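# An overview of the molecular structure
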Amino acid sequence: MTQAFTPRVFSGIKPSGGLTLGNYLGAIKRFVGMQGQMETIYCVVDMHAITVWQDPSELANATREVAAGYLAAGLDPATSILFNQSQVSAHAELGWIFNCVARVGWMNRMTQFKDKAGSSAEKASLGLYAYPALMAADILLYHATHVPVGEDQKQHVELTRDIAAKFNHDFKVDFFPRTEPVIDGPATRVMNLRDGTKKMSKSGESDMERINMTDGADLIAKKFKKAKTDPEPLPETLEGLKDRAEARNLVDIYASLSDSTPEAVIAEYAGAGWGRFKPALADLAVEKLAPMGDEMARLMADPAEIDRVLAEGSEKARALAAPILAQTYDIVGLLRGR
Ligand code: AQP
């Protein structure tokens, strides 16, 4: 008989730079949407951030900034557990066990490692290679059943399912759930504003490629104005955006920001040129992002309060994680004092 798992959401963002519109639309906005529907646990995954070099003098602040983004977007620490990963050591402990469950062949298929390590894979950290096993631990440490993520993380959530299945099979238990990735809405993959074939990323080379959650009105307008497009006006139907990656991206962003659909956006702007669409998009983005940017700045002015929220959330997370890690140790046969 298969165990019934309590519906529970887990997801996280790594503090590897300032939050982007991609992080907001692909993740945070959807985290807020799931709040109140089931138990929700949202983490700032600082141990993932250090898989590539992070300046120690900036990491703690970057961690606070992601937390400030969560709070400013509407995550409520009284409803969701909000914490940073490194304060709950069980993540690292379960991560090690999953390093021993996951197969090297599985890791070799992870496209994100190939993208991030590029041609210098030999020089990449072992942590960057193993990071999907730690991500599986983040999720399964809470027996999370649902993981809202952007499209780029789909493969890692599928790996999490494989790790859970192998663990259950190897130890003849029904202990870890088969977690579902939740990838929905029009902005599951927000693209780079200067190159519609690349994802918008925190750590992309140029700031003009991305909208940051903290960008002011003028900068947002400038970035959309300079965003790469093509000479054609917006088409009459969505099919007309096929093979127009940059145009499609701007339509998807508009749809997501306005809680609408790409079809509805096209219906409204059919035949419009960029001179009309881009300023409308910039106004909409400013309307949605500026209040959050202001709130983030207000929160960041009181770092002790953010630290307090994260410490309190970490305590709650530790309490949920401890019995699951203890049972995992027992299943694996690791001796522990009682
Ligand atoms: N462009 C995007 N569109 C939609 N969703 C996105 N996410 C990231 N970029 C986009 C989603 O945000 C969540 C947190 O991601 P992360 O910071 O943990 O890792 P990432 O995907 O590697 O993010 P970045 O911004 O690209 O960071 P860097 O440049 O440091 O690697 C995830 O749910 C992700 O899907």
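Everything below is about the structure shown above.
Residues numbered from 1 in each chain as written. Predicted model: local features only at pLDDT ≥ 70, side-chain atom pairs only at ≥ 80, totals over all residues. Heavy atoms only, no water.

### Things to note about the site of the ligand
Convention followed: Residues are labelled near a given molecule or strand when at least one of their non-hydrogen atoms is within 4 Å of it. Two N or O atoms form a polar contact when they lie within 3.5 Å of each other; inside protein one atom must be a possible hydrogen donor and the other a possible acceptor, and for residues adjacent in sequence the pair counts only when both atoms belong to side chains. Note on areas: Shrake-Rupley, 1.4 Å probe, and residue coverage restricted to the protein chains presented here.
Among the 23 residues in the neighbourhood of the ligand, the closest are listed as S16, K116, D152, K202 and S203. Between an oxygen atom of the ligand and a side-chain N or O atom of S16, the distance comes to 2.6 Å. Contact distances for the ligand include 2.8 Å between a nitrogen atom and a backbone N or O atom of V190. Protein chains shield 97% of the accessible area of the ligand, which is 640 Å² for the free molecule.

### Quick word on the packing of aromatic side chains
For clarity, the cut-off: In summary, the pairing rule links any two rings of Phe, Tyr or Trp, Trp by its six-membered ring, whose centres are within 6.5 Å, and it sorts them by plane angle into stacked for under 30 degrees, edge-to-face for over 60 and tilted for everything else. Think of it this way: any DSSP run of H or I at least four residues long counts as a helix, any run of E at least two long counts as a strand, and we number them from the N terminus. Between buried and exposed lies partly exposed: a residue is buried under 20% and exposed over 50% of the maximum accessible area for its type, with that area taken using a 1.4 Å probe on protein chains only.
Overall, the coordinates contain 14 aromatic pairs when judged by the stated rule. A ring pair is formed by F31 and Y42, whose centres lie 4.4 Å apart and whose planes are at 10°; its orientation type is stacked. One end of the pair, F31, is in helix α1 (residues 21-34); the other, Y42, is in strand β2 (residues 39-44), with eleven residues separating them in the sequence. Residue F31 shares its accessibility class with Y42, and that shared class is buried. Look at Y254 and Y269: their rings are 5.4 Å apart centre to centre, the planes differ by 70°, and that puts the pair in the edge-to-face class.

### Remarks on helix α7 (residues 126-140)
Where we set the bar: Here, expected helix span is obtained from the residue count minus one, scaled by 1.5 Å. Bend, at a single residue, is the angle you get between axes fitted to the 7 residues ending at that residue and the 7 residues starting at it.
Helix length check: α7 (15 residues) gives 22 Å between terminal C-alpha atoms against 21 Å at 1.5 Å per residue, within 8%. A bend of about 45° at P132 is the largest found in α7. Extensive coverage of α7 is indicated by the burial of 13 of its 15 residues.

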